[in-house]
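So you can see what is in the structure, the chains are spelled out below.
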Amino acid sequence: MIQPHHPHLALRHKWMVNSEQTNELADIAEQLIKIGQALKENGELTINDVNIAPQSQPLFIVRYERLPRGELKLKLEIEWEDGTDVPEQNSTLIID
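Bear in mind the structure is a predicted one, so any value in this text is a computation, not a measurement. (Residues numbered from 1 in each chain as written. Predicted model: local features only at pLDDT ≥ 70, side-chain atom pairs only at ≥ 80, totals over all residues. Heavy atoms only, no water.)

(A) Layout of the overall build of the chain. For the chain, the count of helices and strands is 2 helices and 4 strands. Looking at the chain as a whole, 6% of its 96 residues qualify as buried. Intrachain contacts of the chain at a sequence separation of at least 6 include 36% that bridge at least 24 residues. Surface summary for the chain: the accessible area is close to 9100 Å², and the carbon and sulfur share equals 52%. (Helix = DSSP H or I, 4+ residues; strand = E, 2+ residues; numbered from the N terminus. Buried < 20%, exposed > 50% of the residue type's maximum accessible area, 1.4 Å probe, protein only. Contact = heavy atoms within 4.5 Å. Areas by Shrake-Rupley, 256 points an atom, 1.4 Å probe, with all protein chains shown as cover.)

Okay, here's the thing in structure tokens:
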């Protein structure tokens, strides 16, 4: 049996909200706008009855990548430590 690279972290990983669905691009854009508006106005949002409240300066990750079978992926992530307010710094993002 192969052990996880970081077994202590593998025990802590769990999905609290997990949704994958095919949708019209315009509908996806509307969902992203709703998420952004909720974060901007309230500093938090609720998805499927799960409250999500990021720290005030989370790490924002944007990745555009080609996957092994040739498909393309645009990944948007917001990452923060639970219970802390210490931001992690990275490069600046410019959206045109």
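Following the structure, the description resumes.
(B) Up close: the pattern of salt bridges. A full pass over the atoms with the stated rule returns 3 salt bridges. Between Glu-71 and Arg-69 there is a salt bridge; the shortest N-O distance is 3.5 Å. Residues joined by salt bridges that share partners form a network here, namely Glu-65, Lys-75 and Glu-77. (Salt bridge = Lys/Arg side-chain N within 4 Å of Asp/Glu carboxyl O.)

(C) Geometry of the environment of Gln-55. Relative to the assigned elements, Gln-55 resides in the loop between strand E2 (50-52) and strand E3 (59-66). Given the relative accessible area of 9%, Gln-55 is considered buried. Placed 27 residues apart in sequence, Gln-55 and Asp-82 show a C-alpha to C-alpha distance of 8.1 Å. Of note is the side chain of Gln-55, whose polar atom sits 3.4 Å from the backbone nitrogen of Glu-81. (Polar contact = N/O pair within 3.5 Å; in protein donor to acceptor, adjacent residues only side chain to side chain.)

(D) Main features of the pairing of E3. Note: E3 against strand E4 (residues 72-79), 8 bridges, orientation antiparallel. When the bridges of E4 are listed, Tyr-64 appears paired with Leu-74. The loop that links E3 with its antiparallel partner E4 comprises 5 residues; one of these, Gly-70, has a positive phi angle of about 95°. (Pairing = 2+ DSSP bridges.)

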